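Below, each chain spelled out in residue letters.
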Amino acid sequence: MKNLRLIPALLLATIITACNTTKKLYEAHEYDQVIQRVAPKICAGDNSAKQINYVAASYHKANQADHERIQALKATGQPDVWPEIYQRYCSMKGRNDALKCFPTKVKNGMNYVPLGLDDDLLAARNKAEGYLVAKAAQLLGSGSEADVAEAGRYIDQLKHTNRENAHLLDLQKRQVLLMTEQVEFGFSSDFDLPVGFKDAAFAFDAEELPKGIHGVYVTERPKKPFAAVMVSQVVISPTRLDEVSFKESKGGKTVEVTDHSQNKKVTVSGFINYFGLDGKQRIGTVPFEATSTFKNDYTTIRGDREACSAETLNRLNTKPVPVPTDESMLLDAAKKLNDLLATELRK
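Residues numbered from 1 in each chain as written. Predicted model: local features only at pLDDT ≥ 70, side-chain atom pairs only at ≥ 80, totals over all residues. Heavy atoms only, no water.

**A closer look at the overall build of the chain**
- Each helix and strand in the chain was counted, giving 11 helices and 6 strands.
- The C-alpha radius of gyration computed for the chain amounts to 34 Å, which surpasses the reference 20 Å derived for 347 residues by more than 25%, pointing to a less compact arrangement than a globule.
- Taking the principal axes of the C-alpha coordinates as reference, the chain spans close to 115 × 60 × 50 Å.
- Residues counted as buried form 40% of the 347 residues belonging to the chain.
- Taking as baseline every contact in the chain between residues at least 6 positions apart, the subset at least 24 positions apart corresponds to 71%.
- For the chain, the accessible surface area stands at approximately 20200 Å², while carbon and sulfur atoms represent 52% of it. (Helix = DSSP H or I, 4+ residues; strand = E, 2+ residues; numbered from the N terminus. Rg over C-alpha atoms; globule rule 2.2 N^0.38 Å. Buried < 20%, exposed > 50% of the residue type's maximum accessible area, 1.4 Å probe, protein only. Contact = heavy atoms within 4.5 Å. Areas by Shrake-Rupley, 256 points an atom, 1.4 Å probe, with all protein chains shown as cover.)

Written out as structure tokens, the structure is:
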């Protein structure tokens, strides 16, 4: 019986502690923490008037503060205010969403109104991204080591604003390349590629890579900034011979002309995974497709050569040639991959 009497007392102590903690957070103006702490309980059916009052007051005060700050920032007309404006809109939407699950009676009692912020959020995000991209690019282009390091702060903000921003990976690569003198390349493939494929893929000329950068292929996991090439698919088309025949006539003479076309294609595709300064944190992935194409056209005739047109006579100078082997075309695709890598790093 003594133990049973302890249970209500323990519950009461827990409730008092929870209320005290909520009260302390509220008095410290930690309104978002109050909402994060209490809102899930109200959604789960806790209708404590005191807790509801704390959430309601926190919700309105936090939103009012953000609204006033947003208006003040907009009034400056400065482009650098948009990242903060966007984050404040995000906070307002987050609070609004947290209270959506409240019972209707509770919402009515606290004057909860769904906020239509989608258009404001999109406009603010676009302006924030535009500013962050321009600022990071400006710093990266200054040539100053301090500015290049400072650009990282704006790049991080851009990443948190929109990980899908079209300029993000290029800015990250530029910063990495400006902070290093050597880029190490890794390679992986589940396909049986010919000897020399990797060497051809990473055989960069001095002028191919950004100024002051040289690249090396390493067999072990790189420790410096690098691009890891992963071949995920190799497609080798069968050799195709297309033929089209037609007749030509001249001076009562006739000839049958056949245009032949030899075709073969090898495609190597996969992903280039870019890593940061420590060689561990991946900063982005870019798909690639390197294609080697063989095509040879030639013409043959059956009949009187004098019946041929001038154009056909000219095409008769072309001849069939041996079709390249799979191996040689794969090595040619490796050279195309090398060009793709160099172009990517120069962006």
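**Describing the state of the cysteines**
- Overall, the coordinates contain 1 disulfide when judged by the stated rule.
- In this model C43 forms its disulfide with C101; the gap between the sulfur atoms is 1.7 Å. Because the sign of the S-S torsion sets the handedness, a value of about 60° for the bond joining C43 and C101 places this disulfide among the right-handed ones. One end of the pair, C43, is in helix α2 (residues 31-43); the other, C101, is in the loop between α4 (82-98) and α5 (104-109), with 58 residues separating them in the sequence.
- C90 carries a free sulfur, and the closest cysteine sulfur to it, the one in C101, is 19 Å from it.
- Here C90 falls in the partly exposed class, since its relative accessible area comes to 28%. (Disulfide = S-S within 2.5 Å.)

**A closer look at the environment of K250**
- Along the chain, K250 turns up in strand β4 (residues 240-250).
- Residue K250 is classed as partly exposed on the basis of its relative accessible area of 43%.
- Each C-alpha atom, one on K250 and one on A307, is 4.6 Å from the other, the two residues being 57 residues apart in sequence.
- Those residues in contact with K250 that sit more than four places away from it in its chain are E306, A307 and C308.
- Within the structure, K250 has its side chain in polar contact with the backbone oxygen of C308 (distance 3.1 Å). (Polar contact = N/O pair within 3.5 Å; in protein donor to acceptor, adjacent residues only side chain to side chain.)

**Thoughts on the packing of α2 against helix α3 (residues 49-76)**
- It is at 9 Å that the axes of α2 and α3 come closest, and there the two elements cross at 135°. One way to sum up the angle between α2 and α3 is to call them oblique. The chirality of how α2 crosses α3 is left-handed. Contact residues: Y31, V34, I35, V38, A39 and I42 in α2; Q51, I52, Y54, V55, S58, Y59, K61 and A62 in α3.
- Of the residues in the contact of α2 with α3, the class split is 11 nonpolar, 2 polar and 1 charged. (Axes fitted to C-alpha atoms, helices over the stretch in contact; angles between N-to-C directions. Parallel < 35°, antiparallel > 145°, perpendicular 65-115°, else oblique. Left-handed = near helix turned anticlockwise from the far one by under 90°. Nonpolar A, V, L, I, M, F, W, Y, C, P; charged D, E, K, R; others polar.)

**As for the side chain of T267**
- Looking at where T267 falls in the secondary structure, it is placed in strand β5 (residues 253-275).
- Here T267 falls in the buried class, since its relative accessible area comes to 12%.
- Of the polar contacts made by the side chain of T267, one reaches the side chain of T291; its length is 3.4 Å.
- With residues up to four places along the chain from it excluded, the contact list for T267 reads Q233, V234, V235, E289, A290 and T291.

**Description of unusual backbone geometry**
- Positive phi values are uncommon outside glycine, yet H29 reaches one of about 65°.
- Assignment of secondary structure puts H29 in the loop between α1 (2-27) and α2.
- Phi angles above zero are rare outside glycine, and N111 is one such case at about 60°.
- Tracing the chain through its elements places N111 in the loop between α5 and α6 (118-140).

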